[in-house]
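# Structural description and commentary
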Amino acid sequence: MDKNKIKKYAINARTELIDAIKVKLATLGIDENKIQEKLSISTADKEYYVDDNEANALTGAQIGWRKDIMAELNRHGYQEDSKTAYKDFVEEVAYTWFNRIIAIRFM
């Protein structure tokens, strides 16, 4: 069995997962430098963090998910060292999802 193909796949999949996670966090107004505050156009049922584009509005459970992500980042020490905490968080999420995807694949 050629293990080099598996190694290449794992490295590429991990990189793609990390990039996708960073993009999703950016749409939530979270990056390695700061967490955006809610924009003034936000309402009780819709929150905006990036711009006023309707596609970027957070509603319902998404608002709670963002709060959970912020709490997890703060648990990782985001207030003290945002870059390291952000990187650690992204790595942890990518690792978790990679393991889940692989487990499903081999079930």
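Conventions and cut-offs
- Residues numbered from 1 in each chain as written.
- Predicted model: local features only at pLDDT ≥ 70, side-chain atom pairs only at ≥ 80, totals over all residues.
- Heavy atoms only, no water.
- Helix = DSSP H or I, 4+ residues; strand = E, 2+ residues; numbered from the N terminus.
- Expected span 1.5 Å × (residues − 1).
- Buried < 20%, exposed > 50% of the residue type's maximum accessible area, 1.4 Å probe, protein only.
- Contact = heavy atoms within 4.5 Å.
- Axes fitted to C-alpha atoms, helices over the stretch in contact; angles between N-to-C directions.
- Parallel < 35°, antiparallel > 145°, perpendicular 65-115°, else oblique.
- Left-handed = near helix turned anticlockwise from the far one by under 90°.
- Nonpolar A, V, L, I, M, F, W, Y, C, P; charged D, E, K, R; others polar.

## A few points about helix 3 (residues 82-105)
With 24 residues, helix 3 ought to run about 34 Å at 1.5 Å a step, and its terminal C-alpha atoms sit 34 Å apart, in line with that. Listed as buried for helix 3 are Ser-82, Ala-85, Tyr-86, Phe-89, Val-90, Ala-94 and Phe-98. Taken together, the buried residues of helix 3 touch helix 1 (3-27) and helix 2 (61-75).

## Examining the packing of helix 2 against helix 3
The contact between helix 2 and helix 3 brings their axes to 9 Å, and the two run at 120°. In terms of their interaxial angle, helix 2 and helix 3 are classed as oblique. Like other packed secondary-structure pairs, helix 2 and helix 3 cross with a definite hand, here right-handed. Each of Ile-69, Glu-72, Leu-73 and Arg-75 in helix 2 lies in contact with helix 3, whose residues at this interface are Ala-85, Tyr-86, Phe-89 and Glu-92. In the contact of helix 2 with helix 3, the residues fall into 5 nonpolar, no polar and 3 charged.

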